Amino acid sequence: MAVRYDLHGEVAVLTLDNPPVNGMGLATRRELSAGLERALADAEVLAIVITGAGKLFSGGADIKEFGSDKAIAEPNLHSLIRQVEAATKPVVAAIHGSCMGGGLELSLACHYRVAAPGTQVALPEVKLGLLPGAGGTQRLPRVLYVETALNMIVSGEAVKSELLASLPGQKLFDQIVDGELVAGAAAFAAAKGREHAAGAALPRVRDLKARHANPDAYFQFVRNTVKAMAKHFPAPARCVDAVEAAVKRDIEAGLAYERELFMALMFTPESQALRHAFFAERAASRIADVPEDTPVRSVTRVGVVGAGTMGGGITMNFLNAGIPVTLLESKPEALERGVATIRRNYEAQVRKGKLKEDQYQQRLALLKTTLAYEDLRDADLIIEAVFEDMGVKEQVFRALDEVAKPGAILASNTSTLDLDRIAAFTKRPEDVVGLHFFSPANVMKLLEVVRGAQTAKDVLATVMQLAKKIRKTAVVSGVCDGFIGNRMIEQYARQAGFLLDEGCTPQQVDRAIEAFGFAMGPFRMGDLAGNDIGWAIRKRRAVEQPQLRYSKTADLLCERGRFGQKTGAGWYDYAPGRRDAIASPLVEEMVARHRAELGIAPRAIADDEIVHRLVYALVNEGARLLEEGIAGKASDIDMVYLTGYGFPLWRGGPMCYADGQGLFNVVQAMKAFARNPLDDAGFWTPAPLLARLAAEGRRFTA
Ligand code: NAD
């Protein structure tokens, strides 16, 4: 049963009971509609209450149904809402916890709304690239001021019921019920039922007017603001159009217009990408062979080894979540430096008003420092973030194996080393896992969880749960060089180098891919991260895979000491103390000279070619990762790129983007690139999985 039917005296109470969020899927709609009919047909029933079981009223429409027949099957949300609105007995929505999207739209069709204190109310559709399509844009501005309603619709943010109830002249709620909600709502409904039986009319939101004193000027102002804020997203501007219709048209015309806008948004690539990312984030926390009810280990104290760039940031994540940390270093000076950096970061947050002084002190009080491994004895999880050197990792893991308590999870933050070798330094490889944080570790959302050959399932379940606690998006990767993110980015960086050899400047490549939507192009990114990191990797590769082709330009750059912002010069020049990238004549000359040495006549390369060579380099490597089982799902790869590499959110990640282009077209483009004698033909051999999916007309993502 998705909807319960109970009688409270003369009031029928219909309770949405469809965990986890009382979503308005087809079964719920059918049962609610049947419950309404039953209550209306029962002469003993004076009034009806609709409420939600558990922690909330309703999270809204079931977005898994979007685009499927179920979403339009009768009764769809529209017909259900019309049925409620046309009811001949008072219908009262009794709202608690949260009331979102379609749930709020349903309640707006009720004759009355009562709420428990602290209820969160929102129309969050815009966050999925949509607008509220079941009357929300027409009815909300009729009960709230147009400005209040439009703010909620355009931002998608939740507002507390008390705040809404305190706004003079705005009546989303008829009553805030302090005591037991359903009892209060039933008493309210019974009173309204008696008034109605005595002849009082039923108030309907649709009969109200949405008014604004100066609509033309107001909507123009809002349009300008929205345009500046939502450059790549069409939905916010359509929300404005719909609310304007609520002011300027009658309700039926407004509802029809809202429907038209909603359907148009539903098929935009931006909305499809946002919905993909929404599901991808949830899917990332599920691991195919690790059941959701796997028991987790308790983590109440964390140890971090190494207080450098990463160790400090990693420590802050746990302090921020209220989890005590013991930070270990090999030398007192390094420990002092690390703690000073943590303090400086917090103090900057206090100065900017993002953190209160007492919160800062509370967080700092959770931090202990040490030079002795014995002090890590009581830690439930120990994360190593020392130098990227197998010898040093060996020392650290052997020492941890000696002191860590049984069942403690031992994690490494290594970016490139073999986790299985690291695990083998201990007598408990099943307790070892990779936790690959990204820099700055206290800011970046992404956490790659590296699953070793022997990592225990409960270790994985524990760290996935812990990731949520420290507000990271965790994605599982198998063991390979570079894991998901860096293994793919290497192919992207190789293409960026070939583009320089063939005729591009660094700024042309960066501009093209930034116009596509990347937060930063490969050369600006290299300057920020330090070009010496890639240099070290290439030196290693030259030994391991001497046949692998690279453009030499990045090495030439490093040989000149141009490591990036930290040395004041890289692919670009930097004014002292500034981060603005200035085109460098010296680098252009260096690239041109190298090209001449290779005997290459430069050609003009279109932005479109630049973008597709870079992005399809990611896609092809992504396909290999899927095939090898390093990545569990295509959507995991997208999550890595959206949260860790600045891939444009409105394109949904590289695999989602490739699907949108059509995999057949992706393969055709790769074949064309392979015909370029200056590019690496082997590079463009489609990964077998990509070739197969393209041939079968299938996609990477669901
Ligand atoms: P870092 O050089 O800034 O810090 C390393 C710290 O470890 C230093 O403070 C050093 O004193 C300390 N240390 C060295 N040996 C030690 C030992 N035996 N015991 C205790 N402390 C010891 O390096 P980092 O950039 O923080 O990198 C640390 C790890 O994180 C590396 O494995 C690296 O690959 C990985 N990583 C780095 C980044 C990044 O962007 N910097 C990103 C992801 C992962």
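On a predicted model such as this, the values are computed, not experimentally measured, just so you know. (Residues numbered from 1 in each chain as written. Predicted model: local features only at pLDDT ≥ 70, side-chain atom pairs only at ≥ 80, totals over all residues.)

Engineer: Sorry if this is basic, but what is going on with the overall build of the protein here?
Structural biologist: Broken down by element type, the protein carries 29 helices and 19 strands. Taken over the C-alpha trace, the protein has a radius of gyration of 29 Å; the compact-globule value for 702 residues is 27 Å, and the two agree within 12%. By principal-axis analysis of the C-alpha atoms, the protein measures approximately 95 × 60 × 50 Å. Among the 702 residues that make up the protein, the fraction classed as buried is 47%. Excluding contacts between residues fewer than 6 apart, the proportion of contacts in the protein whose partners are at least 24 apart in sequence is 72%. (Helix = DSSP H or I, 4+ residues; strand = E, 2+ residues; numbered from the N terminus. Rg over C-alpha atoms; globule rule 2.2 N^0.38 Å. Buried ≥ 20, exposed ≤ 12 C-beta atoms within 10 Å, placed from the backbone. Contact = placed C-beta atoms within 7 Å.)

Engineer: So what exactly am I meant to see when it comes to the nonpolar core here?
Structural biologist: It is characteristic of soluble globular proteins that their nonpolar side chains tend to be buried jointly. Counting residues in hydrophobic clusters, the biggest one holds 200 residues, and the most contacted among them are Ile48, Val49, Val92, Ile153, Ile382 and Val449. Contact partners of Ile48, with chain neighbours within four places excluded, come to Ala12, Leu14, Leu36, Ala39, Ala87, Lys89, Val91 and Ala189. (Core = buried A, V, L, I, M, F, W, Y, C linked by C-beta atoms within 7 Å.)

Engineer: Explanation requested: the sheet that holds strand S4 (residues 91-95) in the structure shown.
Structural biologist: One open sheet accounts for 6 strands, arranged S1-S2-S3-S4-S6-S9; its pairing is mixed. Strands at the two margins of the open sheet, each flanked by one partner only, are strand S1 (3-8) and strand S9 (175-176). On the sheet, helix H1 (residues 26-41) packs against S1, strand S2 (11-16) and strand S3 (47-52) and is oriented at approximately 25° with respect to S1. Sheet contacts for helix H8 (residues 181-197): S1, S2, S3, S4, strand S6 (112-115) and S9; angle to S3, the most-contacted strand, approximately 155°. (Pairing = 2+ DSSP bridges. Axes fitted to C-alpha atoms, helices over the stretch in contact; angles between N-to-C directions.)

Engineer: When you look at the UniProt feature "domain: 3-hydroxyacyl-CoA dehydrogenase NAD binding" (unreviewed entry) in the protein in this model, what are you seeing that I'm missing?
Structural biologist: Annotation from UniProt places "domain: 3-hydroxyacyl-CoA dehydrogenase NAD binding" (unreviewed entry) at residues 302-477. The distance separating the terminal C-alpha atoms of residues 302-477 is 23 Å; by composition the span is 41% helix and 21% strand. (UniProt positions renumbered as here; feature names shortened; annotations may be inferred.)

Engineer: Before we go on, may I ask you to explain the packing of helix H20 (residues 506-516) against helix H21 (residues 522-529) in this structure?
Structural biologist: Helix-helix packing: each pair is described by the crossing angle between the helix axes and the interaxial distance. At a closest axis distance of 7 Å, the pairing of H20 and H21 adopts a crossing angle of 105°. It follows from the interaxial angle that H20 and H21 lie roughly perpendicular. Contacts from Pro506, Val509 and Asp510 in H20 reach Pro522, Phe523 and Arg524 in H21. Of the residues belonging to the contact of H20 with H21, the class tally is 4 nonpolar, no polar and 2 charged. (Parallel < 35°, antiparallel > 145°, perpendicular 65-115°, else oblique. Nonpolar A, V, L, I, M, F, W, Y, C, P; charged D, E, K, R; others polar.)

Engineer: Explain helix H29 (residues 688-695) here, please?
Structural biologist: An α-helix turns once per 3.6 residues; consequently, residues spaced three or four apart project the same way. Residues of H29 that are buried: Leu690, Leu693 and Ala694. Seen end-on, H29 carries its buried residues on one side only, within an arc spanning 100°. Exposed residues on H29 whose side chains face more than 90 degrees from its buried face are Pro688 and Ala695. (Arc of directions from axis to C-beta.)

Engineer: What's the story with the confidence of the model for the protein in this structure? I'm lost.
Structural biologist: Reading predicted coordinates in detail is not appropriate for stretches of low pLDDT. Mean pLDDT over the protein stands at 96; residues scoring 70 or higher make up 100%. On the interface metric, ipTM, the complex scores 0.98, and its pTM is 0.91. (pLDDT = per-residue confidence, 0-100.)

Engineer: Please explain the site of the ligand as it appears in this structure.
Structural biologist: In the neighbourhood of the ligand, 25 residues make up the surrounding shell, with Gly306, Gly308, Met310, Glu388 and Ser439 lying closest. Taken together, the residues that form the shell around the ligand break down as 12 nonpolar, 11 polar and 2 charged. (Near = placed C-beta within 6 Å.)

Engineer: Mind showing me how you'd approach the UniProt feature "domain: 3-hydroxyacyl-CoA dehydrogenase C-terminal" (unreviewed entry) in the protein here?
Structural biologist: As recorded in UniProt, the sites labelled "domain: 3-hydroxyacyl-CoA dehydrogenase C-terminal" (unreviewed entry) are residues 482-574 and 610-698. The span residues 482-574 is 65% helical and 2% strand by assignment, and the distance between its end C-alpha atoms comes to 29 Å. Overall, residues 610-698 shows 65% helix and 0% strand. The separation of its end C-alpha atoms is 26 Å.

Engineer: It is not clear to me how the pairing of S4 should be interpreted in this structure. Could you clarify?
Structural biologist: A large share of S4 lies buried, amounting to 5 of its 5 residues. Neither face of S4 is open: one carries Val91, Ala93 and Ile95, the other Val92 and Ala94, and all of them are buried. Relative to S4, S3 is paired through 4 bridges, and the arrangement is parallel. Bridging from a neighbouring strand, Thr51 pairs with Ala94 of S4.

Engineer: Would you take a moment to explain the domain arrangement of the protein for this structure?
Structural biologist: Size of an interface: often given as the accessible area lost when the parts come together. You can read the domains of the protein as domain 1 (3-265), domain 2 (302-477) and domain 3 (485-696). On a C-alpha basis, the centres of domain 2 and domain 3 stand 30 Å from each other. Each partner contributes to the interface: domain 2 provides 11 residues, whereas domain 3 provides 11 residues. Elements with a contribution of two residues or more to the side of domain 2 that touches domain 3: strand S16 (446-451) and strand S17 (473-478). Its residues assigned to classes, the side of domain 2 that touches domain 3 comprises 5 nonpolar, 4 polar and 2 charged. (Domains from an automatic or database assignment.)

Engineer: How do you make sense of the packing of helix H28 (residues 663-674) against H29 when you look at a structure like this?
Structural biologist: At a minimum axis separation of 8 Å, H28 and H29 run at an interaxial angle of 125°. With respect to their mutual orientation, H28 and H29 come out oblique. For the crossing formed where H28 meets H29, the hand is left-handed. Contacts between H28 and H29 involve Leu663, Phe664, Val666 and Val667 on the former and, on the latter, Leu690, Ala691, Leu693 and Ala694. Partitioning the contact of H28 with H29 into residue classes produces 8 nonpolar, no polar and no charged. (Left-handed = near helix turned anticlockwise from the far one by under 90°.)

Engineer: Honestly, helix H10 (residues 235-248) in this entry has me stumped. Any pointers?
Structural biologist: With 14 residues, H10 ought to run about 20 Å at 1.5 Å a step, and its terminal C-alpha atoms sit 20 Å apart, in line with that. Most of H10 sits inside the fold, with 10 of its 14 residues counted as buried. For H10, every residue scored as buried is listed here: Ala235, Pro236, Arg238, Cys239, Val240, Ala242, Val243, Glu244, Ala245 and Ala246. The inward-facing, buried residues of H10 abut helix H5 (136-143), helix H6 (146-155), helix H9 (215-229), helix H11 (251-266) and helix H12 (269-284). (Expected span 1.5 Å × (residues − 1).)

Engineer: Which parts of the structure should I look at to understand the environment of Asp532?
Structural biologist: Assignment of secondary structure puts Asp532 in helix H22 (residues 531-544). C-alpha separation for the pair Asp532 and Asp555, spaced 23 residues apart in sequence, amounts to 8.8 Å. Beyond its immediate sequence surroundings of up to four residues, Asp532 is in contact with Cys558 and Phe563.

Engineer: Whenever I open this one, the pairing of S16 confuses me. Can you help?
Structural biologist: Both faces of the sheet carry side chains from a regular strand, because those side chains alternate between them. S16 sits mainly inside the fold: 6 of its 6 residues count as buried. Sheet topology places strand S15 (residues 432-437) next to S16; 4 bridges connect them, and they run antiparallel. Following the sheet pairing, Phe437 is matched in S16 by Leu447. Across 6 bridges, the pairing between S16 and S17 is parallel. If you follow Leu446 over to S17, its bridge partner there is Thr473. In terms of handedness, the path from S16 via helix H18 (residues 457-469) over to S17 forms a crossover that is right-handed. (Right-handed = clockwise from strand over helix to strand, strands pointing away.)

Engineer: I would appreciate a short explanation of the sheet that holds S16 in the present structure.
Structural biologist: The strands that make up a sheet pair up through hydrogen bonds in the backbone, lying either parallel or antiparallel. With mixed pairing, 8 strands are arranged side by side in an open sheet as S12-S11-S10-S13-S14-S15-S16-S17. Of all the strands in the sheet, the pair left with one neighbour each is strand S12 (367-370) and S17. Averaged over neighbouring strand pairs, the angle between their axes works out to 25° when direction is ignored. Here strand S10 (residues 302-305) runs beside strand S13 (residues 381-384); their pairing, made up of 4 bridges, is parallel. Paired with Val302 across the two strands is Leu381, which belongs to S13.

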